[in-house]
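Listed below are the residues making up each chain.
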Amino acid sequence: MNASFNFSGGVVIVTGGANGIGAALARRAAAAGATVVIADVQVEAGRALAAETHAPGAIEFEQVDVSSADQVQTFVETVRSRHGRIDGLVCAAIVQPIGDVVDVEPATWERVLGVNLLGSIWASRAVVPVMREQGSGSIVMFASGTADFGKAGSAPYTTSKGAVASFAKTLAREVAQWRIRVNLCRPGIIDTPQFRAANPGMDTSKLDGPEEPVGGLMFLLSDAASMSGSMVTREMPWRSAA
Ligand SMILES: NC(=O)c1ccc[n+]([C@@H]2O[C@H](COP(=O)([O-])OP(=O)(O)OC[C@H]3O[C@@H](n4cnc5c(N)ncnc54)[C@H](O)[C@@H]3O)[C@@H](O)[C@H]2O)c1
């Protein structure tokens, strides 16, 4: 059974969309007709993605550091004035430096929480007023199994992901009255640039690629997902067969 999505006329923001899962989603959403605007700090990768052909939709790139509330607000206003609406927000931007709790410098803690947690908050508080006016919108954030189970050497990341999940659930309750949905995705273990950087030396050859969680993300963005405050979880369905 094939699930196909029609995002024609839709406008979707993907933070951290220059790489990994965000980039795979951007491609699929554009192929379904959406105008996707990615906000990322990696200019070369972002421009290269935008330069590909994505008909019938398109991908645009803007250089944005999501840890800056001002940059995010200006970015969202630009998207709104350029395209007139914002139907989806996917908060994928993260950093994941490794190091034990006592060794990670305070500035690194602040950077990780600034990008991973505050970045999701700044993007949400900027798009909610737009979606509120429309009376519709879908926001998707990423959780992680490491926030529930812990992961030695990754406390800033796991802490940020636990907080993102709490934030998303509360936001879902606040904005339901305007038919704005907020859901979480736990994508499983996916071979992406940040995953490799956070797991040096690991054999990633049998891991799922970034396109595997995209179907679930497309569903959460689509009107078919009449749900909010939920978590779509991929517990590595293909790994057991590997
Ligand atoms: N890969 C996995 O196994 C896995 C597991 C659980 C959850 N996730 C979640 O999935 C999401 C996507 O992760 P991924 O693995 O595709 O990562 P990725 O490294 O492939 O992509 C992260 C992107 O965030 C961008 N970014 C970093 N700092 C930024 C900033 N200040 N402003 C804007 N953009 C910034 C990076 O440039 C990069 O393009 C993340 O939220 C992550 O927590 C991933």
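Predicted model only: the values in this text are computed from it and were never measured.

Here the focus is the overall build of the chain. In terms of helices and strands, the chain carries eight helices and seven strands. For the chain, the C-alpha atoms occupy an extent of roughly 45 × 40 × 35 Å along the three principal directions. When burial is assessed residue by residue, the chain has 47% of its 242 residues classed as buried. Contacts in the chain between residues far apart in sequence, at least 24 positions, make up 68% of those at least 6 positions apart.

When helix H2 (residues 43-51) is considered as a whole, its buried residues turn out to be Gly46, Leu49 and Ala50. Projected down its long axis, H2 carries its buried residues within an arc of 100 degrees, all on one side. Along H2, the residues that are exposed and aim more than 90 degrees away from the buried face are Glu44 and Ala51. In this fold, the buried residues of H2 make contact with helix H1 (20-31), strand S2 (35-40) and strand S3 (58-63).

The contact between H1 and helix H8 (residues 214-221) brings their axes to 10 Å, and the two run at 55 degrees. By the criterion of interaxial angle, the relationship of H1 to H8 is oblique. In the crossing of H1 with H8, the sense of the turn from one axis to the other is right-handed. Where H1 abuts H8, its residues Ala24, Leu25, Arg28 and Ala29 lie against Val214, Leu217, Met218 and Leu221. A per-class count over the contact of H1 with H8 returns seven nonpolar, no polar and one charged.

Okay, the pairing of strand S4 (residues 88-91) next. Burial along S4 is two-sided: the face carrying Gly88 and Val90 and the face carrying Leu89 and Cys91 are both buried. Direction of pairing for strand S1 (residues 11-15) relative to S4: parallel, over a ladder of four bridges. Bridged to isoleucine 13 within S4 is leucine 89. In this structure, S4 lies alongside strand S5 (residues 137-142), joined through four bridges in parallel fashion. Bridging across to S5, cysteine 91 finds its partner in methionine 141.

Parameters at a glance
Residues numbered from 1 in each chain as written. Predicted model: local features only at pLDDT ≥ 70, side-chain atom pairs only at ≥ 80, totals over all residues. Helix = DSSP H or I, 4+ residues; strand = E, 2+ residues; numbered from the N terminus. Buried ≥ 20, exposed ≤ 12 C-beta atoms within 10 Å, placed from the backbone. Contact = placed C-beta atoms within 7 Å. Arc of directions from axis to C-beta. Axes fitted to C-alpha atoms, helices over the stretch in contact; angles between N-to-C directions. Parallel < 35°, antiparallel > 145°, perpendicular 65-115°, else oblique. Left-handed = near helix turned anticlockwise from the far one by under 90°. Nonpolar A, V, L, I, M, F, W, Y, C, P; charged D, E, K, R; others polar. Pairing = 2+ DSSP bridges.

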